[in-house]
Each structure stands twice: as structure tokens, then as C-alpha cells.
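Descriptive structure summary
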Amino acid sequence: MTTGATAADIVIVGGGIYGTSLAFELGSRGYSVILLEAHEIASGASGGPGERGVRANGRDIRELPVISQALERWQKFESEIEGGVGYRRVGGLQVYDAPYGYREHEIRGRMEAQAAIQTQLGTPTSVLSRDEVLEREPEMTRSIIGGLYCPNDGVGDHTFATRQFATAAERVGVTIRSKARVIEIIKQGSTAKAVRIENGEVITVGSKLFLLCNAGVPKLLSPILNPHEVPHVWNLMPQMMYVTNPENRTVNHLLSHAHRRLAVKQLPDGTVMLSGGVSVTHENGRVAQGSLSSTAINLTDAIATLPFLDRSEFLKVDATRVETVALDAVPVIGQPEAAENIYFGYAWSGHGFAISLGFTKLFADWVASGRKPPELEPFSPTRFTLASTASKSATLQSMALSA
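Residues numbered from 1 in each chain as written. Predicted model: local features only at pLDDT ≥ 70, side-chain atom pairs only at ≥ 80, totals over all residues. Heavy atoms only, no water.

**With respect to the overall build of the chain**
Applied cut-off: Numbering of helices and strands runs from the N terminus, with a helix taken as a DSSP run of H or I at least four residues long and a strand as a DSSP run of E at least two residues long. A radius of gyration in this sense is built from C-alpha atoms; the matching globule rule multiplies 2.2 Å by the number of residues raised to 0.38. Buried, partly exposed and exposed residues are distinguished by accessible area as a fraction of the type maximum, computed with a 1.4 Å probe on protein chains only: under 20%, between the cut-offs, and over 50%, respectively. Note on contacts: a residue pair is in contact if any heavy atoms of the two residues lie within 4.5 Å. Shrake-Rupley sampling with a 1.4 Å probe provides the accessible areas, and residues are treated as covered by the protein chains on show and by no other component. In this tally, Lys and Arg are treated as positive and Asp and Glu as negative; His is ignored, and so are the chain termini. To locate a charge, take atom NZ for lysine, CZ for arginine, CG for aspartate or CD for glutamate.
Tallying secondary structure elements over the chain gives nine helices and 23 strands in all. Taken over C-alpha atoms, the radius of gyration comes to 22 Å for the chain, in line with the 22 Å a tight globule of 403 residues would show. Overall, the chain is about 65 × 60 × 40 Å in size when its C-alpha atoms are taken along their principal axes. A burial count over the chain gives 52% of its 403 residues as buried. Within the chain, residue pairs in contact and separated by at least 24 positions form 73% of the contacts whose partners lie at least 6 positions apart. For the chain, the computed accessible surface area is about 17,600 Å², with 51% contributed by carbon and sulfur atoms. Positive and negative side-chain charges of the chain, numbering 38 and 41 respectively, have mean locations separated by a distance of 3 Å.

This is the structure:
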């Protein structure tokens, strides 16, 4: 990656999928951009082995208008960027059973409501019967009652995609500096004028500063944010397991389960990847304890869903990537009151890769128009404040009275 540049119109901190895809987006629109990464591109949550799900199925409804844009852009960039971005549209299937204490008609009602809302908010979704699910996934347990199918969902090689966007960004004139850890934001009045990197060098911010370095965002923001602007988040380290497929069984879709913390995908070489389950104990960004309990729980859920996995063998377990999580498990996106030219996004909650291209398009639109896109409003940190709730209630009451 390039070194040497010390000023740009837009400075981006963080070389994951958010930083690199935004750099490409802004560079393609003619902006002068520097991206600063503390280590190497894709060394954080956007890196690591295997693939990530690129899904709308089962998402929080606030994310659905954004993921519909992201899915279009994954397909677009797979064909337009030289070498692709490692995206495969295999379709997404979320299966349902009837857990103890629930009635089957309640579960079916939830399925129908979820499918209708996802479709209305931009992601075509159909309800499948048990027989229809088994026709698509013959290895599925017979205990399910049905599923939701999203044909536009898929999977992506997250490390490859992040590096491809970095390469594409450099082609359109973006400067990328690796091993350039930002340790301080330098403000003048209500504007961020520069950032200081670990070696003491100062990088000038011409217009706007984006903080997209995931777990590093809260520390950089802490000297700037007012107390009511600081949403409490925590970190987790998801665990990914990779197992053999000795009988050459086929998993045709990106699979998830409505009542189990589970995501299953088959990699191009036939390996089965199990993720989405219990995370591991960690400290200072490293696994602090063995993960046998996490492994046992995650394997139990996977085998209960796809029984043939009980005859697989372990290849490896990976739990090396730190994720940030907000209380409602959707991202935190906003601007500090005390620094009008800073934009931040974090708390991707372990499923931010899929939706990244929707958010970075909206960030770029925000830069170009000067107006915050309405699709980003649900992710404001003010959603956790009483004042915000009271303001929204007053607005709703006013609208009701004037109707």
C-alpha cells in the first residue's frame, strides 16, 4: 500500500470492508481520500478464513432498507471490479421449528409476517413448507416446519473482498497507508483538523473524517463525545468452526435457524463452515480461555439442524476477530455534536460485512449532498437517550392532532 501522503479532503480511519469500500466509493466520485489502517488491510473483523454470509434473511427491520441496496451492490461489484469481490449468490434459507412452549400456528404467523416485511422493505422473500425446504436442502432435519427463502442472499470471501476494494480504491487515486495507527483527533473549534498517528506524524483533514475502525472507534471518540452521546457497547469474539465433509454431502444455500444461533455455509472446496453461535471468552483482543463449551453448544445446534455433520471431523477453529456490539445489536452511526465534520460507524454486531456496501453508499451520498440519508436515522446513537424518545413522541402526538 502507498505511503507518504499527509493530507486529503477526506480521511478514513480503518482498513476493513467499511473503510476500503467507502474509499473506493468516494475515490470513484472524484474526492481526494487517504485511508489509514493500524495494521494491514483486512487484519481485523473483516479478515480471517472462510466466508461470511451476505444476507437479508432474519435481519432487524431497521437494517432491511440498507441491506437491499447492499445486495444489489455486491452483485454489481462482483461483475464490475477486476477479479470480482468473492461474492456468490447462493440464496439464503432460514428454517423454523416449533420450540417447546410455542404453538405451530404462532411460528407460522411469525414466518408470514417476516416474509411480508422483508419483501416490502426491498428483499423478496417467500415462505416454504417443510417439503419445499427439504427439496432444496435434502440433508435438513425432518423436525423443521418450514422456512423463509431469500433468492438474493449469498456468501462472500470477506478477506478477499476487503483487499479487492482496497486495490480498486488505489486505482481511482485513493492513498492507503498501512501500519498507520491513529491515536488522536486534533480539533480546532468544532472541526477536526487532523489526526495524529502512532509515530507522531500528523495527517491533515481537509473536509471530513470517517472513523470506521470498529473496536477502535469508541477510544478515539471518547475525548470528543458528550456523556449523552456515548452508547454503551461491548466486544465479543465470534467462533468459526470448519469441519470435513467425508460423505460429499451438499449444502446448497446460506443456512440459518430462527431458534438457534447458527449459520452454515459450504465453502468452494467442500468444507463446511459453522458460525453465528456462542462466542468465546477474551481479553485484550485475544482468546483468554479454551472454547470447549462454545464448541459443544455450536456443534450441537449444527448437528441438530444437519444430522450428517455428526460424521464430520474438525479441521480448525478460529476465534481471532473482535466485534463490537450495541444493546439492540444494530450499528451505531452518527456525528459528534462537538465536531461537525466527523462521521463514525461501529457496533456491527458480527453481521456487518453483508450490509457494508449499503452503508458505505449512504455515507458517500451524505458527503455529496450534505444531508444525512433517512435510511441512517434509525442507527443514530440518540436512539438510546430519553430526550430522543420524548422528541419522537411529541412529534407523533403533533402529527396525530393535526391529522
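**Focus on the packing of aromatic side chains**
To be explicit about the condition: Aromatic contacts are taken between Phe, Tyr and Trp rings whose centres are within 6.5 Å, Trp giving its six-membered ring; a plane angle under 30 degrees counts as stacked, one over 60 as edge-to-face, and the others as tilted.
Applying the stated rule across the entire model yields 15 aromatic pairs. Note on Tyr343 and Trp366: the rings are 4.7 Å apart at their centroids and 90° apart in plane angle, and the pair reads as edge-to-face. A residue pair is termed long-range when its members are at least 10 positions apart, and Tyr343 in strand S23 (residues 342-346) and Trp366 in helix H8 (residues 352-369) qualify at 23 residues. Owing to a relative accessible area of 5%, Tyr343 belongs among the buried residues under this scheme.

**Concerning helix H1 (residues 17-28)**
Where we set the bar: Helix span is expected to be 1.5 Å times the residue number reduced by one.
Taking 1.5 Å per residue as the helical rise, H1 with its twelve residues ought to reach 16 Å, and the 16 Å between its terminal C-alpha atoms agrees with that figure. Along H1, eleven of the twelve residues are buried, which leaves the element largely enclosed by surrounding structure. All of the buried residues in H1 are Ile17, Tyr18, Gly19, Thr20, Ser21, Leu22, Ala23, Phe24, Glu25, Leu26 and Gly27. Along its buried surface, H1 packs onto strand S1 (7-13), strand S2 (33-36), helix H2 (64-80), helix H5 (158-171), strand S12 (202-211) and H8. Directly beyond the C-terminal end of H1, a positive phi value near 95° is found at Gly30.

**Focus: the sheet that holds strand S8 (residues 154-156)**
The line we're drawing: Think of it this way: DSSP has to see at least two bridges between two strands before they count as a pair. Note on geometry: axes are lines fitted to C-alpha atoms, helical ones only across the stretch in contact, with angles between N-to-C directions running from 0 to 180 degrees.
Pairing within the open sheet is antiparallel, and its three strands lie in the order S3-S8-S4. The open sheet is flanked by strand S3 (52-54) and strand S4 (87-88), the only strands paired with a single partner. Note that S3 and S8 share three bridges and pair antiparallel. Pairing of Val54 across the sheet is with Gly154, part of S8. H8 rests against S3 and S8 of the sheet, and its axis sits at about 45° to S3.

**Notes on the sheet that holds strand S5 (residues 92-96)**
Taken in spatial order, the eight strands make up an open sheet running S6-S7-S5-S15-S16-S17-S14-S20, and their pairing is mixed. Across the chains shown, the open sheet's two edge strands, defined by having one partner strand only, are strand S6 (126-129) and strand S20 (314-318). Sheet twist, expressed as the average angle between the axes of neighbouring strands with direction ignored, equals 20°. Pairing between strand S14 (residues 240-243) and S20: four bridges, direction antiparallel. Across the sheet, the residue bridging to Met240 is Asp318, located in S20. Together, S5, S6 and strand S7 (146-150) form the strand contacts of helix H3 (residues 104-120), whose direction differs from that of S7 by roughly 5°.

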